[in-house]
Amino acid sequence: MKIQTDFLVIGSGIAGLSYALKVAEFGTVAIVTKKETAESNTNYAQGGIATVFGSGDKFEFHIDDTMKAGGFLCHRNVVEMVVKEGPDRIKELIAIGVQFTQNGKELDLGREGGHSHHRIIHAADLTGKEIERALLARITSHPNIKIYENHITIDLITEHHLIGSDKRSHDSIHCWGAYALDINGNHVKTFLASTTMLATGGAGHVYLHTTNPMIATGDGVAMAYRAGAKIANMEFIQFHPTTLYNSGSPSFLISEAVRGFGAILLDKKGEQFMKKYDERGELAPRDIVARSIDTELKRSGDECVYLDLSHLDPVKTKEHFPNIYQRCLKHGIDITKDRIPVVPGAHYSCGGVVTDTHGATTISGLYAVGEVAMTGLHGANRLASNSLLEAVVYSHNAANAVKHRKSNAVPSNIPDWDESGTINSEEWVLVSHNRKEIQQLMWDYVGIVRSNHRLVRAQRRIALIQDEVRDFYTRTKVSEGLIELRNVSCVADLIIRSALERKESRGLHFTTDYPDIDDNNWLKDTIIN
Ligand code: FAD
Ligand code: SIN
């Protein structure tokens, strides 16, 4: 079954929805999303969006904070562009109905690690949910937009798929859409478009413990990699320092805004430890805080450290963090009195599909925006609350870039999905076992602190698993679990390869074999073609 549209958007988080709303002014839009529309990392964002609005704040300060947090690997031109365009994009969100928390007549500005000023605009501690709500209210009533829920894309359509094509004769690659499995209907549809937007978010579920919802399996990076796009900086996986200990999967996040509000980190004996590691203490950037907690836990043998808000005004605590307060209460923890047990968890992928400042990838007709992309903004470590900001700035830029692309022709010889020779397999235990094995080994060997020995060991295991997955994939009808496993194993491999490649420690990548920063040789992105 073929579905033709002007603009194909894969993903319905902040990146996909903001872009869809803009390009719907120029043509028809199909949004393909693998669960129900709101299910995305965006929907769980707590802290907010970093933007310069406060009177004492300046663009230069936000630029500086971003560069420092990113280990100076951030592309300065990108940082300047994103920071300076930020306020206009936030005003657009407000114009479409996002209700940010006010402090009197002004926007309330929170603070998070690595920020020298209060500049986090938020909707209490449910910022992402409020943004999704407002965007979806516009999207669902738009006559040019059609949403395909419970459709998971399998692969991008490029020259490789053309009937009668010799792919070696093409010196550049074009993307004309994607194949997607209709999960409920159990058949594969062909989505054709002259412009495809990858807005598939992150890859937290490559790891055992993550703050990300189940959708975050790195599908966009894996699809783009298989199609031949340039990928970069996959070694920079951000571990959030504070997820609620033993809160299940995904782990519940205790926002960094809680530390910005005055919470302190304590060890089991009740001693504050962050100042030992960084003079900024609890408000050091998250790579430093996560690594410090990891060191404390390894040294003490304890299972968690603690966040303490008991010295803060309880009324204000509940007012600022109603969601965190309620969720912790369910675990028997009253955050106004009790210490919150916390551990780090995989949170954000700083690397991804390489794009220019308009979200264009190295494949013609393929754009990438949001967490799936590597724009150059985050460098070696994303500054807190710069992700939602990047998504709105880049979806705006991409929409401007593609508005004339709708007339680009899609070839007529694109075949439908071919499942001949495949069978319905009963061996689903292979899928779940392999996925768990990848998550465990990535957690144990490719986590906060790495070494060559562990990385090589992880690479050997992943190669074996990838062989098994390839074999299973060629013999078996596609399913959601198999599609995700194929992508998780691909992304795990890309992370390990990039981590082995970078022979220094910078930002989120720390290896005991090269513990120092090496500006002479490594002030550059890690590119995988
Ligand atoms: P997502 O919002 O993750 O959306 C991805 C979409 O793609 C989903 O709809 C998904 O279903 C779909 N999808 C994926 N693969 C496929 C496929 N194969 N086929 C079809 N659809 C697919 N950042 C901040 O700046 N501030 C914060 O306060 C903040 N808090 C956070 C709190 C939590 C708990 C988490 C997990 C992240 C937080 N982040 C925060 C990070 C930020 O939320 C994300 O980076 C951002 O929302 C990513 O937006 P996105 O649109 O790129 O991806
Ligand atoms: C948080 O609220 O701590 C998450 C912020 C972010 O990931 O930017």
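Above this text sits the structure in question.
It should be emphasised that the depicted structure is a prediction, and the values quoted were computed from it without experimental measurement.

(A) Region of the structure containing the overall build of the protein. Helices and strands together make up the secondary structure of the protein, namely 14 helices and 22 strands. The C-alpha radius of gyration of the protein comes to 22 Å, within 12% of the 24 Å expected for a compact globule of 529 residues. Over its C-alpha atoms, taken along the principal directions, the protein stretches across nearly 70 × 55 × 50 Å. For the protein, the proportion of its 529 residues judged to be buried stands at 61%. Sequence-distant contacts in the protein: of pairs separated by 6 or more residues, those separated by 24 or more amount to 74%. With the model as given, the accessible surface of the protein reaches about 20,600 Å², and the carbon-plus-sulfur share is 50%.

(B) Spotlight on helix α2 (residues 59-69). Looking only at α2, the buried set comprises His62, Ile63, Asp65, Thr66, Met67 and Ala69. Where α2 is buried, its residues touch β4 (49-50), α3 (76-95) and α10 (387-402). Among the residues trailing α2, Gly71 stands out with phi positive, at a value near 60°.

(C) Focus on the pattern of salt bridges. As enumerated under the stated definition, the model contains 30 salt bridges in all. Here Lys34 makes a salt bridge to Asp219, at a shortest N to O gap of 2.9 Å. A residue pair is termed long-range when its members are at least 10 positions apart, and Lys34 in the loop between β3 (29-32) and β4 and Asp219 in helix α5 (residues 219-227) qualify at 185 residues. Of the two residues examined, Lys34 and Asp219, each falls in the buried class. Ionic contacts of the salt-bridge type, sharing partners, join the residues Glu235, Arg502, Glu504, Arg506 and Asp519 into one network.

(D) Up close: the environment of Glu235. With respect to the helices and strands, Glu235 occurs in the loop between β14 (231-232) and β15 (237-244). C-alpha of Glu235 to C-alpha of Gly447: the two residues are 212 residues apart in sequence and 9.9 Å apart in space. If sequence neighbours within four positions are ignored, Glu235 has contacts with Arg450, Ile495, Ser498, Ala499, Arg502, His509 and Thr526. A distance of 2.6 Å separates the side chain of Glu235 from the side chain of Arg502, its partner in a polar contact.

(E) Up close: the packing of α2 against α3. With their axes 9 Å apart at the nearest point, α2 and α3 run at an angle of 135° to one another. Regarding the angle of α2 to α3, the classification is oblique. As for the relative orientation of α2 and α3, their crossing is right-handed in sense. Judged by residue contacts, Phe59, His62, Ile63, Thr66 and Met67 of α2 engage Arg76, Val79, Glu80, Val83, Lys84 and Pro87 from α3. Residue composition of the contact of α2 with α3, by class: six nonpolar, two polar and three charged.

(F) Local environment of the sheet that holds strand β12 (residues 187-192). Spatially, the four strands line up as an open sheet ordered β1-β12-β11-β10, and their pairing is mixed. The strands lining the two open edges of the sheet, one partner per strand, are β1 (2-4) and β10 (151-156). For this sheet, the mean angle separating the axes of adjacent strands, direction not counted, is 30°. Two elements, strand β11 (residues 177-182) and β12, share six bridges in a ladder whose sense is antiparallel. In the sheet register, Ala180 faces β12, and the bridge partner there is Lys189.

(G) Broad picture of the packing of α3 against α10. Running from amino to carboxyl end, α3 crosses α10 at an angle of 90°, the nearest separation of the two axes being 8 Å. Between α3 and α10, the crossing angle belongs to the class labelled roughly perpendicular. In this structure, α3 uses Val78, Met81, Val82, Glu85, Gly86, Arg89, Glu92 and Leu93 to contact α10, whose residues at the interface are Leu389, Glu390, Val392, Val393, Tyr394, His396 and Asn397. Of the residues in the contact of α3 with α10, the class split is eight nonpolar, three polar and four charged.

(H) Broad picture of the sheet that holds β14. An order of β21-β19-β14-β22 is seen for the four strands of this open sheet, with the pairing classed as mixed. Strands with a single pairing partner mark the edges of an open sheet, and in this sheet they are β21 (373-374) and β22 (527-528).

Rules used in this analysis
- Residues numbered from 1 in each chain as written.
- Chains lettered and ligands numbered in written order.
- Predicted model: local features only at pLDDT ≥ 70, side-chain atom pairs only at ≥ 80, totals over all residues.
- Heavy atoms only, no water.
- Helix = DSSP H or I, 4+ residues; strand = E, 2+ residues; numbered from the N terminus.
- Rg over C-alpha atoms; globule rule 2.2 N^0.38 Å.
- Buried < 20%, exposed > 50% of the residue type's maximum accessible area, 1.4 Å probe, protein only.
- Contact = heavy atoms within 4.5 Å.
- Areas by Shrake-Rupley, 256 points an atom, 1.4 Å probe, with all protein chains shown as cover.
- Salt bridge = Lys/Arg side-chain N within 4 Å of Asp/Glu carboxyl O.
- Polar contact = N/O pair within 3.5 Å; in protein donor to acceptor, adjacent residues only side chain to side chain.
- Axes fitted to C-alpha atoms, helices over the stretch in contact; angles between N-to-C directions.
- Parallel < 35°, antiparallel > 145°, perpendicular 65-115°, else oblique.
- Left-handed = near helix turned anticlockwise from the far one by under 90°.
- Nonpolar A, V, L, I, M, F, W, Y, C, P; charged D, E, K, R; others polar.
- Pairing = 2+ DSSP bridges.

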